[in-house]
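If you want the building blocks of each chain, they are given just below.
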Amino acid sequence: MISESSSFVKGVVLGGAFCMLVTLLGHMKVGHGSKAQRHEHHHIQAPNKEDVLSLSEGERMELSKSMRIYCIILVKPKDLGHWAAVRETWSKHCDKVEFYSSENVKVFDSVALNTNDMWVMMRKAYKITYERYKDEFSWFFLAYPTTFAIIENLKYFLLKKDPSQPFYIGHTVKSGDLEYVDGEGGIVLSIESLRRFSRILEDSDKCPEQGGMIWKLAEDKQLAICLKYTGVFAENAEDSEGKDVFNTKTVSALIKEAMSTHPQQVVDGCCSDMAITFSGLAPNHMHVMMYGVYRLRPYGHTYNDALVFLPPPGSDND
Amino acid sequence: MGHPTTWRCLWNIPPHGGFHGTSQHMEGSIGHPTTWRCLWDIPPLGGCHGTSHHMEGAMGHPTTWRCLWAIPPSRVVHGHPSAPLSPAVNSSLAQALYERVRVLCWVMTSPSTLDTRARHVRATWARHCNMVLFMSSAPEPSFPAVGLPVGEGRHQLYWKTIRAFQYVHEHHLDEADWFLKADDDTFMVVANLRWLLAGRSPEVPLYLGKRFKPFVRQGYMSGGAGYVLSRGALRLLAAAFATGTCTHSSAVEDLALGQCLEKLGVAAGDSRDTQGRETFHPFPPERHLAQPLPHDRFYPQYSYYPVQWAAACCSDLSVSFHYVDAVQMHALEFLTHRLRPYGYRHRYRPHP
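Residues numbered from 1 in each chain as written. Chains lettered and ligands numbered in written order. Predicted model: local features only at pLDDT ≥ 70, side-chain atom pairs only at ≥ 80, totals over all residues. Heavy atoms only, no water.

Per an unreviewed UniProt entry, chain B goes by the name N-acetylgalactosaminide beta-1,3-galactosyltransferase and belongs to Strigops habroptila. Quoted verbatim from the Catalytic activity (unreviewed entry) field of the UniProt record, the comment on chain B reads "an N-acetyl-alpha-D-galactosaminyl derivative + UDP-alpha-D-galactose = a beta-D-galactosyl-(1->3)-N-acetyl-alpha-D-galactosaminyl derivative + UDP + H(+)". In its Sequence similarities (unreviewed entry) section, the UniProt record describing chain B reads: "Belongs to the glycosyltransferase 31 family. Beta3-Gal-T subfamily." (UniProt positions renumbered as here; feature names shortened; annotations may be inferred.)

Looking at an unreviewed UniProt entry, one finds chain A named C1GALT1 specific chaperone 1 and attributed to Strigops habroptila. A UniProt comment under Sequence similarities (unreviewed entry) is attached to chain A, and it reads "Belongs to the glycosyltransferase 31 family. Beta3-Gal-T subfamily." Listed under Subcellular location (unreviewed entry) in UniProt, the entry text for chain A is "Membrane".

Honestly, the overall build of chain A in this entry has me stumped. Any pointers?
A count of helices and strands for chain A gives 11 helices and 13 strands. Looking at chain A residue by residue over its 318 residues, the buried ones come to 50%. Counting only contacts in chain A whose residues sit at least 6 apart along the sequence, the fraction spanning at least 24 positions is 76%. Surface accessibility of chain A: about 15,500 Å² in total, with carbon and sulfur atoms responsible for 55%. (Helix = DSSP H or I, 4+ residues; strand = E, 2+ residues; numbered from the N terminus. Buried < 20%, exposed > 50% of the residue type's maximum accessible area, 1.4 Å probe, protein only. Contact = heavy atoms within 4.5 Å. Areas by Shrake-Rupley, 256 points an atom, 1.4 Å probe, with all protein chains shown as cover.)

Quick question: what am I supposed to make of the overall build of chain B here?
The helix and strand inventory of chain B stands at 9 helices and 13 strands. When burial is assessed residue by residue, chain B has 58% of its 352 residues classed as buried. Total accessible area on chain B stands at roughly 14,500 Å², and carbon and sulfur atoms take up 55% of it.

In this structure, what is going on with the interface of chain B and chain A? I would like to understand it.
How big an interface is tends to be reported as the loss of accessible area on association of its parts. Each partner contributes residues to the interface: chain B has 50 residues there, and chain A has 51 residues. The interface formed by chain B and chain A contains 6 salt bridges. In this structure, arginine 297 of chain A engages aspartate 316 of chain B in a salt bridge whose closest nitrogen and oxygen atoms are separated by 3.0 Å. Across the contact surface, chain B and chain A share 26 residue pairs in polar contact (both at pLDDT 80 or more). Elements represented by at least two residues in the side of chain B that touches chain A include exactly β2 (89–90), α1 (92–100), α4 (190–197), α7 (285–289) and α9 (326–337) of chain B. (Salt bridge = Lys/Arg side-chain N within 4 Å of Asp/Glu carboxyl O. Polar contact = N/O pair within 3.5 Å; in protein donor to acceptor, adjacent residues only side chain to side chain.)

Can you walk me through the sheet that holds strand β4 (residues 111–112) of chain A in this structure?
What links the strands of a sheet is backbone hydrogen bonding, and the strands pair in either a parallel or an antiparallel sense. Residue and element names in this part refer to chain A. Strands sit in the order β1-β11-β7-β10-β5-β2-β3-β4 across an open sheet of 8 strands; the sheet is mixed. Where the open sheet ends on each side, the last strands, each with one partner, are β1 (43–45) and β4. Where strand β2 (residues 69–75) lies against strand β5 (residues 139–143), 5 bridges are found, and the strand directions are parallel. Bridge assignment links tyrosine 70 to a residue of β5, and that residue is phenylalanine 140. The strands touched by helix α7 (residues 191–200) within the sheet are β5, β7 (168–170) and β10 (187–190), with β10 carrying the most contacts at an inclination of about 90°. Packing of helix α8 (residues 219–229) onto the sheet brings it into contact with β7 and β10, and relative to β7 it is tilted by some 150°. (Pairing = 2+ DSSP bridges. Axes fitted to C-alpha atoms, helices over the stretch in contact; angles between N-to-C directions.)

Help me out: how do you make sense of the nonpolar core in this one?
One recurring pattern in soluble globular proteins: nonpolar side chains tend to sit buried together. Counting 63 residues, the largest nonpolar core has Trp90, Phe141, Phe148 and Phe278 of chain A as its most contacted members. Excluding its chain neighbours within four sequence positions, the residues that come into contact with phenylalanine 148 of chain A are Thr89, Trp90, Ile276, Thr277, Phe278, Leu281, Met286, Met289, Met290, Val293 and Tyr294 of chain A. Formed by 46 residues, the second largest nonpolar core is a distinct cluster that contains Ala145, Ala182, Leu197 and Leu206 of chain B. (Core = buried A, V, L, I, M, F, W, Y, C linked by side-chain atoms within 4.5 Å.)

Help me out: how do you make sense of the environment of glycine 219 of chain B in this one?
Residue and element names in this part refer to chain B. Inspection of the secondary structure assignment puts glycine 219 in the loop between β9 (211–212) and β10 (220–221). Relative accessible area serves as the criterion here: at 0%, glycine 219 is assigned to the buried category. Here the alpha-carbon distance between glycine 219 and glutamate 175, two residues 44 residues apart in the chain, equals 29 Å. Those residues in contact with glycine 219 that sit more than four places away from it in its chain are Tyr207, Phe212, Lys213, Ala268 and Tyr304.

Can you help me understand the packing of helix α3 (residues 157–172) of chain B against helix α5 (residues 231–243) of chain B in this one?
Between two packed helices, both the angle of their axes relative to each other and the distance between the axes serve to describe the pair. Residues and elements named next belong to chain B. One can describe the packing of α3 onto α5 by two numbers: an axis separation of 10 Å at closest approach and a directional angle of 115°. The handedness of the crossing between α3 and α5 is left-handed. Contacts between α3 and α5 pair Tyr158, Ile162, Phe165, Gln166, Val168 and His169 from the former with Leu234, Arg235, Leu237, Ala238 and Phe241 from the latter. A per-class count over the contact of α3 with α5 returns 8 nonpolar, 2 polar and 1 charged. (Left-handed = near helix turned anticlockwise from the far one by under 90°. Nonpolar A, V, L, I, M, F, W, Y, C, P; charged D, E, K, R; others polar.)

Hey, could you run me through the confidence of the model for chain B in this one?
Detailed reading of predicted coordinates is not advised where the pLDDT is low. Residues with a pLDDT of 70 or more make up 75% of chain B, whose mean pLDDT is 80. Across the predicted assembly, pTM comes out at 0.81 and ipTM at 0.84. (pLDDT = per-residue confidence, 0-100.)

Help me understand empty space enclosed by the protein in this model?
All names here are of chain A. On inspection of all chains with the given rule, the structure shows 3 cavities of 30 Å³ or more. Estimated volume of the second largest cavity: approximately 40 Å³. Along the walls of the second largest cavity sit Ala46, Asn153, Tyr156, Phe157, Asp239, Val245, Met274 and Ile276, which together make up its complete lining. Counted by class, the lining of the second largest cavity contains 6 nonpolar, 1 polar and 1 charged residues. (1 Å grid on protein atoms, 1.4 Å probe; cavity = no way out; pocket = protein on both sides within 12 Å on 5 of 7 lines; lining within 4 Å. Points joined across faces, edges and corners; volume = space filled by probe spheres on them.)

What's the story with the confidence of the model for chain A in this structure? I'm lost.
Here chain A averages 88 in pLDDT, while 84% of its residues score no lower than 70. Confidence drops under a pLDDT of 50 for residues 25–41 of chain A, and excluding neighbours within four residues, the segment shows 2 contacts in the predicted structure.

Got a minute to help me understand the side chain of aspartate 220 of chain A in this structure?
Residues and elements named next belong to chain A. Inspection of the secondary structure puts aspartate 220 in helix α8. Notably, aspartate 220 is buried but unbridged: the nearest opposite-charge side chain belongs to lysine 221, and the N-O separation is 6.4 Å. Excluding residues within four positions of it along the chain, aspartate 220 makes contact with Tyr168, Tyr180, Val181, Asp182 and Gly183. (Lys, Arg positive; Asp, Glu negative; His and termini not counted.)

Looking at this structure, how should I read the pairing of β2 of chain A?
Consecutive side chains of a regular strand alternate in pointing toward one face of the sheet and then the other. All names here are of chain A. Along β2, 7 of the 7 residues are buried, which leaves the element largely enclosed by surrounding structure. Here β2 shows a buried face lined by Ile69, Cys71, Ile73 and Val75 and a second buried face lined by Tyr70, Ile72 and Leu74. In the sheet, β2 pairs with strand β3 (residues 96–101) via 6 bridges, with the strands oriented parallel. Considered in β3, the bridge of isoleucine 72 is made with glutamate 98. After leaving β2, the chain enters helix α4 (residues 80–88) and then returns to the sheet as β3, a path that is right-handed. (Right-handed = clockwise from strand over helix to strand, strands pointing away.)

So what exactly am I meant to see when it comes to the state of the cysteines here?
Residues and elements named next belong to chain B. Taken as a whole and judged by the stated rule, the model has 6 disulfides over all chains. Two residues share a disulfide in this structure: cysteine 105 and cysteine 129, whose sulfurs sit 2.0 Å from each other. Note on the cysteine 105 and cysteine 129 pair: the S-S dihedral is about -100°, so by sign convention the disulfide is left-handed. Placement of cysteine 105 in strand β3 (residues 103–108) and of cysteine 129 in the loop between α2 (114–123) and β4 (131–136) is noted, with a sequence separation of 24 residues between them. Pair check on accessibility: cysteine 105 and cysteine 129 agree, each one buried. Sequence-ordered numbering of the bonded cysteines in chain B yields a pairing of 1-2, 3-4, 5-6. For chain A, the disulfide bridges join cysteines in the arrangement 1-2, 3-4, 5-6, where the cysteines are counted in sequence order. (Disulfide = S-S within 2.5 Å.)

Sorry if this is basic, but what is going on with the packing of aromatic side chains here?
All names here are of chain B. The full count for this structure, using the stated rule, is 27 aromatic pairs over all chains. Considering the side-chain rings of phenylalanine 212 and tyrosine 302, the 5.4 Å spacing of their centres and the 80° angle between planes classify their relative orientation as edge-to-face. With phenylalanine 212 in strand β9 and tyrosine 302 in helix α8 (residues 298–302), this pair connects stretches of sequence that are 90 residues apart. A relative accessible area of 33% places tyrosine 302 in the partly exposed class. An angle of 75° between the planes, with centres 5.3 Å apart, marks the rings of phenylalanine 283 and tyrosine 299 as edge-to-face. Of the two residues, phenylalanine 283 sits in the loop between β12 (267–268) and α7 while tyrosine 299 sits in helix α8, which places them 16 residues apart along the sequence. Tyrosine 299 shares its class with phenylalanine 283; the two are buried. (Phe/Tyr/Trp six-rings, centres within 6.5 Å; stacked < 30°, edge-to-face > 60°.)

Below, the structure written as structure tokens:
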């Protein structure tokens, strides 16, 4: 009896030890994984195809409708040509777009901010946006009128990201200690980041209107500084191959670079197939982008995409 | 015979009244083809040596004469179907069309633009042709480019076109169904050309392109925007030059070709899509997509169909644009074949 129970106890002890060993090994793997998670935090990636295919048909339709982007375009009267081009092209694909202008302009509808200072404009635009739309939108995309954005690709990119987390995404640049999102490539904020920003706006020590002690800092840098105080950090957005999806240059400029750095693989090396923004475009080139992105394509290829986006009503150039 | 690389082909404007089928001397020096007389047939034993040589032939039977070329015919660039754009894409329809609607592309180029222009064509849209030939006035085996026996310059364009089609007819007639001509600053979307041609028979003499209306009753196709001949049309064209039915009538390539084709009964087709939008374009996209400028008033006078500007200018399934520089060639290839809006359901979704 005693020998049987001692065998039993030995068995339990051995089993327990083995179980502990396996668990420890498992934790080591998980530890490695969470390290990767922490690394991912600064280089944020699009969803994998596998992530996307695991969604059911019903989930896909729901997701497509639930991904809603509010677009903020900061404009000044001198940008009239670009402003018109943005209005007539890609901004029609935002679920809602608002032009925030330095001053009232008769020709176009906009929210007049009554300031010429880009940082003050940005602060005001975000503040008004938060107050009006905090319950209606989870994602906020700010752009300049020289930028062309593909909102569908932005929605796909944000697909599995939780907007209640503080996301601040775009084409990042490092300036000394500060990593900030370059405004030229477009700035994406989740509702949580916008909420924190609108709060810190009130703090004139940490986030003053007159930024910079000696000279004025660019507004995109100012934004990064303020957000940093709230625990929100810039993340560079990349596709599954590590290519930037927010671009601060035109397709042509990037092609030109590719022609000199890797002339054998120009189109392959240039840019992401899922790019979200290009910038520095002249108004007539916005129309070319609109046609090239939304219409011109080679016949005979169909896609198994997880989301479905319909063309916006009342538009003919997409 | 059997050593085509040693052969040279020498050309000239045929004597007034056409070929007579008798033997002719060949005189003249390399580089001055306009002073040479036309000679044909299997070269004498030992091969041609590049300057003058005799030729014997049968009187009155020009069709027994053969044309010999500097580049052996096997040196062509064979294309491949568009690589699938990503694993989540189904390209079976494009693949099926690639196999069923075989397009041979020949690109009008020159020694001075091989590296500045043709190279970028070769790297981009030319890869989607079933077969591509680069037609120059000097052979360049490393490119590879065919050396046609012509000079360079605007006045030689029609000669170059004729010789290029003759070359293609001579060497590749059975390897393709449709024969496309493009310039080295033309951007093409070959998959869309196949869509356009899918329902048409290659045996029917037909040609398609950007249709212009002046001078030719049925219209003629813009050279720069690219145009495509059916195999039936190519047969008639080659025969017409062999018999002298068509001759080098002018230096204006596209117009002269259009006049010849009309004479031969080759129909000038309507290349517009099912919404009536143009597919071949004589200018770059930004010119068509913008509102017209004052100097654009000539374009409507030339265009066979009513000109539309801005969004209606261009089919979603456009086939060509012209005056495209090297950077834009790659940029358009990227915009057409790579960059896309995820999940987007296009407005224009025509049936196969």
